[in-house]
Amino acid sequence: MASSEPQPKPAKPHVLLIPYPAQGHVNPFLKLAKALHARGFHVTFVHTEYNHGRLLRARGAAAFDAGDEGFRFETIPDGLPLSDLDATQDIWALCKATRRTGPAAVRGLVERLNRAGDAPPVSCVVADGAMGYVVHVAKEMGLPAYLFFTPSGCGFLAYLNFDQLVKRGYVPLKDESCFTNGYLDTPVDWIAGMLPGARLRDLPTFIRTTDPDDTMLTINIKQCELDSPAADGILLNTFDDLERRALGAIRARLPNTFTVGPLGPEVAPPSYLPSLTSSLWRGDDRCVAWLDGHAEAAGSVVYVNFGSITVVTGEQMDEFAWGLAAAGSPFLWVVRPDMVRDGGGWALPEGFAEAVAGRGLTVGWCDQEAVLEHPATGGFLSHCGWNSTLESLRAGVPLLCWPFFSEQVTNCRYACEEWGVGLEMPREAGREEVEAAVRELMGAEGRGAAARRKAAEWKEKARAAVAPGGSSCANLERFVQEMALAKC
Ligand code: UDP
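Residues numbered from 1 in each chain as written. Predicted model: local features only at pLDDT ≥ 70, side-chain atom pairs only at ≥ 80, totals over all residues. Heavy atoms only, no water.

**Q** Hey, could you go over the packing of aromatic side chains for me, with residue numbers and the actual values?
**A** Applying the stated criterion to the full structure yields 26 aromatic pairs. On the basis of an interplanar angle of 75 degrees and a centroid distance of 5.8 Å, the ring pair of tryptophan 322 and phenylalanine 352 is categorised as edge-to-face. Of this pair, tryptophan 322 sits in helix H10 (residues 314-327) while phenylalanine 352 sits in helix H11 (residues 352-356); the two residues are 30 residues apart in sequence, bridging distant segments of the chain. Exposure remark for tryptophan 322: the relative accessible area of 23% places this residue in the partly exposed category. (Phe/Tyr/Trp six-rings, centres within 6.5 Å; stacked < 30°, edge-to-face > 60°. Helix = DSSP H or I, 4+ residues; strand = E, 2+ residues; numbered from the N terminus. Buried < 20%, exposed > 50% of the residue type's maximum accessible area, 1.4 Å probe, protein only.)

This is the structure in structure tokens:
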């Protein structure tokens, strides 16, 4: 006989999301978090105390206020000594410190959340691929755990082969001469799934070491040999059409790999929990209005941004400034306050403002996706961080690639050779090279125009992937089902 007693509502699945504490990681994680929340999950999003402080300063308390919506933020320490909020953290030191203190911090957090009892018990964990140790903590606690790798599929595939590079004797490099004697041009065509013609120099720069115990080399090997196979599944912010060959090789090793990208407005519309943002700097509000002023000439503006970590010298900045001035296109240039090495005092060169005569806007930070989506934007001079590359593809904007480190060099090679959306700028570019490269990118004919046409094609494919019926949309739903069923 059916009871007339009201039945308790089944507990919602409760996902704990733990991004690596850097801008290029928290951004896609927040989009994933909103997508899961929109699909019925209770979400706890974990920042480091340092990043929480930075967000609070950049965005105020609203950045954490989802109302009574089952979306909460928690913090854990990052293991580094407390520093002031302007002293951008050393990424290597951070990597080591989080590995040391992270396991106990994550365990303590799960226990505390479950003890508090004001939310459903934590039922699954999605941790950053750069924090693979979380998988082992979750497993010890009886929780399903997934790893979200925020780099490209091609970058991840390269990391998966770091162990082979060591076993086959390519890495560590014999000595410093390998940086300059052509050794980095050695082909690595034995890596299944890599684009034809790939060379050592196209693999993430962490292989460019002479030290067999190099931190980033060994961390990446461990993550790919031990942590990733221990996870219940792998998430990648990419889509099948874009990286079919690399993804085939990844899935051969890690079959439960979900491609869910590009994580953008389709999965996390700006109108959904709009005050929850992840930008660690406050964007300059003038950008969109300035672009509006150039909207009549669609695609006329070159956008210049090297992401959240890249640091350059004052001399390089001067060369970029004069190159941009000479190239003739209007430009929007983001110069982070901490971008110039030892250069608290760097300022635009004397005479620059007169030379560009109102043709350029220089800001400290912007809402990049809004800039890329703006019709006035016609080219992106980028360091090829994966988020920037994917956001540019999604917006149909061709790239002028100036990769800096990590898998940015891999993304650059794919953008130029495989996807046809990029032109590569020489690493040691002086003002003449910058000018020539920007002119070529923005030109109505030639390689820039060809890259623009390709970018328009990828824009359609990228949007199709996340639209209903698309591969990433289907994968996200499959991932949601799997996680919801896994709830304890
Ligand atoms: N970003 C932004 N405004 C800026 C610079 C960067 O919103 O002025 C965002 C950008 O949209 C991207 C992220 O910061 O989502 C940078 O990630 P990416 O992987 O491109 O590079 P990283 O900062 O990790 O080198």
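Now that the structure is up, let's keep going.
**Q** Go over the domain arrangement of the protein chain with me, naming the residues and quoting the values.
**A** Splitting the protein chain by domain gives domain 1 (14-150 + 231-266 + 467-485) and domain 2 (285-464). Computed from C-alpha atoms alone, the centre-to-centre distance between domain 1 and domain 2 is 29 Å. Every contact between the two is made by 20 residues of domain 1 and, on the other side, 19 residues of domain 2. Summed over the three residues of domain 1 that lose the most area to domain 2, namely Phe239, Leu242 and Pro262, the buried surface amounts to 27% of that side. At the surface where domain 1 touches domain 2, the tally comes to three salt bridges. In this structure, the salt-bridge partner of arginine 394 is glutamate 266, at a minimum N-O distance of 2.7 Å. For the pair domain 1 and domain 2, the number of links is eight residue pairs in polar contact (both at pLDDT 80 or more). Of all the secondary structure elements, the ones that give two or more residues to the side of domain 1 that touches domain 2 are helix H1 (23-38) and helix H3 (91-116). The leading source of residues in the side of domain 1 that touches domain 2 is H1, at four residues. Of the residues that constitute the side of domain 1 that touches domain 2, the class distribution is eight nonpolar, seven polar and five charged. (Domains from an automatic or database assignment. Contact = heavy atoms within 4.5 Å. Buried area = accessible area lost by both parts, 1.4 Å probe. Salt bridge = Lys/Arg side-chain N within 4 Å of Asp/Glu carboxyl O. Polar contact = N/O pair within 3.5 Å; in protein donor to acceptor, adjacent residues only side chain to side chain. Nonpolar A, V, L, I, M, F, W, Y, C, P; charged D, E, K, R; others polar.)

**Q** Pulling in residues and values, what's your account of the site of the ligand?
**A** What surrounds the ligand is a group of 17 residues, the closest being Ser308, Cys366, Asn387, Ser388 and Glu391. Here an oxygen atom of the ligand and a side-chain polar atom of asparagine 27 are 3.0 Å apart. Contact distances for the ligand include 2.8 Å between an oxygen atom and a side-chain N or O atom of asparagine 387. In isolation the ligand offers 540 Å² of accessible surface; the protein chains occlude 93% of this area. Among the secondary structure elements, those contributing two or more residues to the shell around the ligand are H1 and helix H13 (386-395). Of all the elements, H13 adds the most residues to the shell around the ligand, at four residues. Of the residues that constitute the shell around the ligand, the class distribution is four nonpolar, 12 polar and one charged. (Near = heavy atom within 4 Å. Areas by Shrake-Rupley, 256 points an atom, 1.4 Å probe, with all protein chains shown as cover.)

**Q** Pulling in residues and values, what's your account of unusual backbone geometry?
**A** Of all residues except glycine, most have a negative phi; of all peptide bonds, most are trans. A cis amide bond links valine 171 with the next residue in sequence, proline 172, at an omega value of 0 degrees. A cis amide bond links glycine 261 to the next residue, proline 262, at an omega of -5 degrees. Within the secondary structure layout, proline 262 lies in the loop between strand S7 (257-259) and helix H9 (286-292). One non-glycine residue with positive phi stands out, namely alanine 357, at about 40 degrees. Inspection of the secondary structure assignment puts alanine 357 in the loop between H11 and strand S10 (360-363). In this structure, serine 406 takes a positive phi of about 50 degrees despite not being glycine. With respect to the helices and strands, serine 406 occurs in the loop between strand S12 (399-401) and helix H14 (408-418).

**Q** Hey, could you go over the packing of H1 against helix H17 (residues 471-485) for me, with residue numbers and the actual values?
**A** At a closest axis distance of 11 Å, the pairing of H1 and H17 adopts a crossing angle of 65 degrees. One finds that H1 runs roughly perpendicular with respect to H17. Classified by chirality, the crossing of H17 by H1 is right-handed. Here H1 contributes Leu32, Ala35 and Leu36 to the contact with H17, which in turn contributes Leu476, Phe479, Val480 and Met483. Along the lines of polarity and charge, the residues of the contact of H1 with H17 split into seven nonpolar, no polar and no charged. (Axes fitted to C-alpha atoms, helices over the stretch in contact; angles between N-to-C directions. Parallel < 35°, antiparallel > 145°, perpendicular 65-115°, else oblique. Left-handed = near helix turned anticlockwise from the far one by under 90°.)

**Q** Describe helix H7 (residues 215-230), with residues and values.
**A** Because each turn of an α-helix spans 3.6 residues, side chains separated by three or four positions end up pointing in the same direction. Its 16 residues place the ends of H7 21 Å apart at the C-alpha level, agreeing with the 22 Å of an ideal helix rising 1.5 Å per residue. Glutamine 223 marks the point of greatest bend in H7, at about 40 degrees. Residues of H7 that are buried include every one of Met216, Leu217, Ile219, Asn220, Ile221, Gln223, Cys224, Asp227 and Ser228, and no others. By the N-cap criterion, in which a side-chain oxygen at the helix start approaches the backbone nitrogen of a residue two or three places on, H7 is capped by aspartate 214, the distance to methionine 216 being 3.1 Å. (Expected span 1.5 Å × (residues − 1). Bend = angle between axes of the 7 residues up to and from the residue.)

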